[in-house]
Amino acid sequence: MKQPEPVQVIKQRRDAALAQLVDDIPYNQFLGVVFERRGDELTATLPYNEALVGNPILPALHGGAVGAFLEIAAQIELAWSIYWPQFEAGATGPRAMPKTIDFTIDYLRSGLPRDAYARAVVNRSGRRYASVHVEAWQDNRQKLFAQATGHFLMPRQEG
Amino acid sequence: MSEKKAKLARQFIGAIPHSRALEMRIDDVLAGRATLSLPYNERFIGDPETGVLHGGVVTALLDTAMGTAVVSHPQSMGGTATIDLRIDYMRAATPGQRITARAECYRVTRSVAFVRATAYDEGEEPVASAAGAFTVEGSRP
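Residues numbered from 1 in each chain as written. Chains lettered and ligands numbered in written order. Predicted model: local features only at pLDDT ≥ 70, side-chain atom pairs only at ≥ 80, totals over all residues.

## Things to note about the overall build of chain B
Point 1. Within chain B, the secondary structure is distributed over three helices and eight strands.
Point 2. The order of α-helices and β-strands along chain B, N terminus first, is α-α-β-β-β-β-α-β-β-β-β.
Point 3. Relative to the compact-globule value of 14 Å for 141 residues, chain B shows a C-alpha radius of gyration of 15 Å, a close match.
Point 4. Expressed along its principal axes, the backbone C-alpha trace of chain B runs to roughly 55 × 25 × 25 Å.
Point 5. Expressed as a percentage of the 141 residues in chain B, the buried residues total 45%.
Point 6. Sequence-distant contacts in chain B: of pairs separated by 6 or more residues, those separated by 24 or more amount to 67%. (Helix = DSSP H or I, 4+ residues; strand = E, 2+ residues; numbered from the N terminus. Rg over C-alpha atoms; globule rule 2.2 N^0.38 Å. Buried ≥ 20, exposed ≤ 12 C-beta atoms within 10 Å, placed from the backbone. Contact = placed C-beta atoms within 7 Å.)

What follows is the structure, given as structure tokens:
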């Protein structure tokens, strides 16, 4: 009978695959977006920094920065779900990303000058199109400050 | 009056840290219409294989252009915030080219401003279009 992989090997492989998916995209690094993983569940964090402010008087996060953060969270979640079986099979290297077709952002409250978190759910993932919903919060998980729904074109896959 | 509004709009965007970080520039603003642009920058890339800018950069530019259109509108009294924004991405922006967003605030009520916008690179066909609702501040009794 085949021995299960040691837990550290599994963790290292998954974390490396996720890091490559996220850090391959320069704009993710420009905004400072990072991802935490528990099993296959991802949480995106947008650490606060001054360059994200859109209203310096309030102050509040820029609607464009919030929108971009949600789009990144949705895109990475979708890519992660598409490539998970390949990563589990030991595949490495860069992956083609799903492309955004449309993205609708619902700004529920102004973004406070502190860290923001987001989790996305793939509601439908077909051969060509996918629909992804994403929720973002700051201090309180129950009080969303923004949510969004986006449609994506699935990347072409060989085989 | 319109020149005063335009000046206000320019101050509005000059004071926004995120717009400065993305190197946004106001090209034109007048009475509910605004044109803003930003340069191509390798740090804004969303697809490392092709060098195409990330959609989030286009979103930020469109959102700022739309907000600028709102504050420059004759019926707007102060700042604004985005209530809802929908972006349609029609094609990838050509790497190396400047992105320009043209926004029009086509209707203002006491509480809500309705705005649409289109983003172009240096070509003829639009890269993305947007529709949004924004808050109107200071006008409600």
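## Focus: the interface of chain A and chain B
When the parts of a complex come together, some accessible area is lost, and that lost area is often used as the size of the interface.
Point 1. Contact residues are listed per partner, giving 30 residues for chain A and 30 residues for chain B.
Point 2. Residue contributions to the side of chain A that touches chain B peak at eight residues, all from strand β5 (residues 99-107) of chain A.
Point 3. Class assignment for the residues of the side of chain A that touches chain B results in 16 nonpolar, nine polar and five charged.
Point 4. Pairing analysis gives five bridges linking β5 of chain A to strand β5 (residues 82-89) of chain B, with the strands arranged antiparallel. Across the sheet, Thr 104 of chain A pairs through a bridge with Arg 86 of chain B, a residue of β5 of chain B. (Nonpolar A, V, L, I, M, F, W, Y, C, P; charged D, E, K, R; others polar. Pairing = 2+ DSSP bridges.)

## What about the confidence of the model for chain B?
Point 1. Scored by pLDDT, chain B has a mean of 90; 91% of the residues are at 70 or more.
Point 2. Listed scores for the predicted complex are pTM 0.93 and ipTM 0.91. (pLDDT = per-residue confidence, 0-100.)

## Regarding helix α3 (residues 55-71) of chain B
In an α-helix, one full turn covers 3.6 residues, which means residues spaced three or four apart are oriented alike.
Point 1. Relative to the 24 Å expected for 17 residues at 1.5 Å per residue, α3 of chain B spans 24 Å between its end C-alpha atoms, a close match to the ideal helical length.
Point 2. Among the 17 residues that make up α3 of chain B, 17 are buried, leaving the element largely enclosed by the rest of the structure. (Expected span 1.5 Å × (residues − 1).)

## Here's the deal with the environment of Gln 138 of chain A
All names here are of chain A.
Point 1. Among the structural elements, Gln 138 can be located in the loop between β7 (129-137) and β8 (144-153).
Point 2. Note on Gln 138: 20 C-beta atoms within 10 Å, which makes it buried.
Point 3. Separated by 24 residues in sequence, Gln 138 and Arg 114 place their C-alpha atoms 7.3 Å apart.
Point 4. Discounting residues that sit within four places of it in the chain, Gln 138 has contacts with Leu 112, Arg 114, Asp 115, Ala 116 and Phe 145.

## What about the sheet that holds β7 of chain A?
Across a sheet, paired strands are connected by hydrogen bonds in the backbone, their directions being either parallel or antiparallel.
Point 1. Read across the sheet, twelve strands follow the order β1(A)-β2(A)-β6(A)-β7(A)-β8(A)-β5(A)-β5(B)-β8(B)-β7(B)-β6(B)-β2(B)-β1(B) without closing on themselves; strand pairing throughout is antiparallel. The open sheet has two edge strands with one neighbour each: β1 (34-38) of chain A together with β1 (25-30) of chain B. Here the average twist between neighbouring strands, direction ignored, is 20°.
Point 2. Here β5 of chain A pairs with β8 of chain A via eight bridges, running antiparallel. In the sheet register, Thr 104 of chain A faces β8 of chain A, and the bridge partner there is Thr 149 of chain A. (Axes fitted to C-alpha atoms, helices over the stretch in contact; angles between N-to-C directions.)

## Considerations on the nonpolar core
Point 1. Grouped together as the largest cluster of nonpolar side chains are 85 residues, with contacts concentrated most on Phe 69 and Leu 70 of chain A together with Leu 61 and Leu 62 of chain B.
Point 2. Counting residues per element, this core draws most heavily on helix α3 (residues 63-88) of chain A, at 13 residues.
Point 3. Excluding residues that lie within four positions of it along the chain, Leu 70 of chain A makes contacts with Ile 105, Ala 118, Val 134, Ala 136, Ala 146 and Ala 148 of chain A. (Core = buried A, V, L, I, M, F, W, Y, C linked by C-beta atoms within 7 Å.)

## Description of the packing of α3 of chain A against α3 of chain B
For any two helices packed against each other, the geometry is given by the interaxial angle and the distance between the axes.
Point 1. Two elements in contact, α3 of chain A and α3 of chain B, have axes whose closest approach is 8 Å; the angle formed by their N-to-C orientations is 155°. When the axis of α3 of chain A is compared with that of α3 of chain B, the two are roughly antiparallel. Here α3 of chain A and α3 of chain B pass one another in a crossing that is right-handed. Seen from α3 of chain A, the contacting residues are Gly 63, Gly 64, Ala 65, Gly 67, Ala 68, Glu 71 and Ile 72 of chain A; seen from α3 of chain B, they are Gly 55, Gly 56, Thr 59, Ala 60, Asp 63 and Thr 64 of chain B.
Point 2. Considered class by class, the residues forming the contact of α3 of chain A with α3 of chain B number four nonpolar, seven polar and two charged. (Parallel < 35°, antiparallel > 145°, perpendicular 65-115°, else oblique. Left-handed = near helix turned anticlockwise from the far one by under 90°.)

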